[in-house]
Amino acid sequence: MTNQNSDRILDLSATAPEAIVSQSEVTWWRRLYELEWCRRLLVLVALAVLWEAYARWLDNSLLFPSFSETVAALVNGLKTGVLVDRILTSLGVLIFGYAVGLGIAVALAMVAMSSKLGRDLQTTLTAMFNPLPAIALLPVAMLWFGLGTGSLVFVLAHSVIWSFSLSIISGFDGVSPTLRMVGRNYGLRGVSYIWKILIPAAFPSLLTGLRLGWAFAWRTLIAAELVFGVSAGSGGLGWFIYENKNQLEIASVFAGLSSVIVIGLVVEYLVFRLIEAKTVRRWGVSV
Amino acid sequence: MELPLLQLNDVSLDYEDTSGNKRRRTTVVQGVSFGVSAAERCMLLGASGSGKSTLLKAIGGYIKPSHGSITLSGQPVLKPGPDRVMMFQEFDQLLPWRTVVGNVVFALEASGKAKGKDANDRARTAVAKVKLERVADQYPHQLSGGMKQRVALARALAMEPKILLMDEPFAALDALTRTQMQHELLELWDNHRFTLIFVTHSIKEALTVGSRVLVLSPHPGRLQADISCAPSKEELIHGLLFGNAATEAKAHD
Ligand SMILES: Nc1ncnc2c1ncn2[C@@H]1O[C@H](COP(=O)(O)OP(=O)(O)OP(=O)(O)O)[C@@H](O)[C@H]1O
Ligand SMILES: [Mg+2]
């Protein structure tokens, strides 16, 4: 039995439709509202207004300076260069300590991946030291390294090593067996195998580790600087906050705190988000 | 008589049981011997667990035989190498951090086959062969499953290996794409005459793609049958009439 009458085959190529676009008027504020940064900005402005209003109502700049006073202190600090100096000192120590921490973490991960005993060493050390807040080591660090950069680098490195070595190892462990076989199939061995297969494949995990380490290190540094921070007259941002609190320059204390926040955000958005967009997002691999 | 390209002599393959406190070895493949000549399309067929993948990995050089020998052009196979390119079922065989072309370039450069612009040109040619020019600069995660397998195929073919080792390459695809890929593979074979060892679960696939079917029995895997699939009468006459020109004509259909 033929069924020809009920079959229909449409020739779509003959009627290729133009893209159908439906338009409707959108008001300008509606369009702005759809932009994420616009909404964020709105929230920030609202918070600033609230802050200003509450501070004026409280009228006690020793307890709670207003938004405008804080901004003035911030601008003043930047203009005189004191705040800039403090920020640069902090960042210098931070980058140094972070780099030392990363280096040690890489070495530790290499030991862990070279043998079973090495793996046990890394696991045990990490289990012991990872829960220990870096700042708790500061008294010991001061005993060993004195009041100076050495102690700060020590606690910074501690705040980075354990979590980053864990990220390296879990990243490398997670590289799929198929991808490993592909790498060896095309003749990669040793360093080029690590460089061309393992590191890119483990990159999501490595990036997460770098990010986490940076966040730990930044918090640790500010906290540590609050405790002593000054060596030969050149303190960091934490010291700036502490110093101004002692001199009852509370607006400057707030200015210092704002700087801590802003630097944290800048690194997150300008460095890590950018790397993320250029790598794991583009590759479509989840973190 | 011409020596076969690949020769397996009484090959047995074990896995070590690391669970428990006693070391035990399980034999997965036992006493397998066969030879594969150039341009053959050799299908490995067998039940799940009969050691097809294990055997293919041994030919790839990833597993050492506990007994017997594997030789390629007379040389013993000791380690993985670019003269035997593997293609897997898993989509993650592509490097997610490289584009379609980048994946092929990677293979050419890592193996030292080509460099720089030369590698790039060859990669683009290979990508065109599997009809993926349109997505040549996209990343694997932007492709469908079938397209990903085509990239893997392009990467393997660009290497011009002595043997192409495929482990259920189309098993994760839907029936329609699968059939299409089988035909494209045959078309490519028509033009390039590579040597193929192809693992499959499907009798139909084995008969469609293969010029010869090896059947493995399970537990442990042993060679149960070696069946050559005669080319269809149409193919035969086509070949007689037009020789290799036939393939050209077919490609232009
Ligand atoms: N890495 C391994 N370690 C130990 N045993 C393994 C390993 N890989 C496979 N086996 C065992 O070897 C046997 C054969 O496995 P293999 O993967 O070669 O089978 P297969 O024929 O490819 O099966 P399938 O069709 O399901 O892919 C199985 O019994 C399996 O349990
Ligand atoms: Mg298998």
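What you are looking at is a predicted structure, and each value in this text was computed from that prediction instead of being measured.

**Let's talk about the overall build of chain B**
Helices and strands together make up the secondary structure of chain B, namely 8 helices and 10 strands. Taken over 253 residues, chain B has a buried fraction of 40%. Look at the contacts in chain B between residues 6 or more apart in sequence, and 67% of them connect residues 24 or more apart.

**So, the packing of helix α4 (residues 82-114) of chain A against helix α7 (residues 149-173) of chain A**
All names here are of chain A. Viewed as axis vectors pointing N to C, α4 and α7 meet at an angle of 40 degrees, and their least axial separation amounts to 6 Å. Relative to α7, the element α4 lies oblique. For the crossing formed where α4 meets α7, the hand is right-handed. Looking at the contact of α4 with α7, its residues break down into 23 nonpolar, 5 polar and no charged.

**Looking at the site of ligand 1**
Residue and element names in this part refer to chain B. In the region of ligand 1, the neighbouring residues are Tyr 15, Val 28, Gly 46, Ser 48, Gly 49, Ser 50, Gly 51, Lys 52, Ser 53, Thr 54 and His 201. Ranked by the residues each element gives to the shell around ligand 1, the list is headed by helix α1 (residues 52-60), at 3 residues. A per-class count over the shell around ligand 1 returns 2 nonpolar, 8 polar and 1 charged.

**Structural notes on the sheet that holds strand β5 (residues 75-76) of chain B**
Residues and elements named next belong to chain B. The 4 strands are arranged β2-β1-β4-β5 in an open sheet whose pairing can be described as antiparallel. Every other strand in the sheet has two partners, leaving β2 (24-36) and β5 as the edge strands with one partner each. Across 5 bridges, strand β1 (residues 6-17) lies against strand β4 (residues 67-72) in antiparallel orientation. Directly across from Leu 8, in β4, lies its bridge partner Ile 70. Where α1 meets the sheet, its contacts fall on β1, β2 and β4, and the angle it forms with β1 comes to roughly 115 degrees.

**Brief notes about the domain arrangement of chain A**
The extent of an interface is frequently quoted as the accessible surface area lost upon association of the parts. Here the domain parsing of chain A yields domain 1 (25-54) and domain 2 (64-283). Taken over C-alpha atoms, the centre of domain 1 of chain A sits 33 Å from the centre of domain 2 of chain A.

**Observations concerning the interface of chain B and chain A**
Listed per partner, the contact involves 18 residues of chain B and 16 residues of chain A. Of all the secondary-structure elements, those providing two or more residues to the side of chain B that touches chain A are β6 (84-87) and α2 (100-110) of chain B. Of the residues contributing to the side of chain B that touches chain A, the split by class is 11 nonpolar, 5 polar and 2 charged.

**Some remarks on the confidence of the model for chain B**
All names here are of chain B. Confidence in the prediction for chain B averages 86 pLDDT; 90% of positions are at 70 or higher. Overall, residues 245-253 carries pLDDT values under 50, and its contacts beyond four positions in sequence, including any with other chains, amount to 8 contacts. Our summary of model confidence lists the complex with pTM equal to 0.84 and ipTM equal to 0.86.

**As for the nonpolar core**
Core analysis: the largest hydrophobic core is formed by 71 residues, its most contacted members being B:Leu44, B:Met87, B:Val104, B:Ala154, B:Leu165 and B:Ile197. By size, the runner-up hydrophobic cluster in this structure holds 42 residues, among which are A:Ile161, A:Leu166, A:Ile168 and A:Leu221.

**Things to note about the sheet that holds strand β9 (residues 212-217) of chain B**
Residues and elements named next belong to chain B. Strand order across the open sheet formed by 6 strands is β6-β7-β8-β3-β9-β10, with mixed pairing between neighbours. Because the sheet does not close on itself, it has two edges, and the strands there are β6 and β10 (222-228). Neighbour to neighbour, the strand axes of the sheet diverge by 20 degrees on average, direction disregarded. Relative to β10, β9 runs antiparallel, the two sharing 6 bridges. Bridge pairing links Arg 212 to Ser 228 in β10.

**Re the domain arrangement of chain B**
Residue and element names in this part refer to chain B. Segmentation of chain B into domains returns domain 1 (1-83 + 161-253) and domain 2 (91-160). Counting residues per element, the side of domain 1 that touches domain 2 draws most heavily on helix α5 (residues 175-192), which supplies 4 residues. Among the residues forming the side of domain 1 that touches domain 2, the class breakdown is 9 nonpolar, 2 polar and no charged.

Here is what the cut-offs are and how they apply
Residues numbered from 1 in each chain as written. Chains lettered and ligands numbered in written order. Predicted model: local features only at pLDDT ≥ 70, side-chain atom pairs only at ≥ 80, totals over all residues. Helix = DSSP H or I, 4+ residues; strand = E, 2+ residues; numbered from the N terminus. Buried ≥ 20, exposed ≤ 12 C-beta atoms within 10 Å, placed from the backbone. Contact = placed C-beta atoms within 7 Å. Axes fitted to C-alpha atoms, helices over the stretch in contact; angles between N-to-C directions. Parallel < 35°, antiparallel > 145°, perpendicular 65-115°, else oblique. Left-handed = near helix turned anticlockwise from the far one by under 90°. Nonpolar A, V, L, I, M, F, W, Y, C, P; charged D, E, K, R; others polar. Near = placed C-beta within 6 Å. Pairing = 2+ DSSP bridges. Domains from an automatic or database assignment. pLDDT = per-residue confidence, 0-100. Core = buried A, V, L, I, M, F, W, Y, C linked by C-beta atoms within 7 Å.

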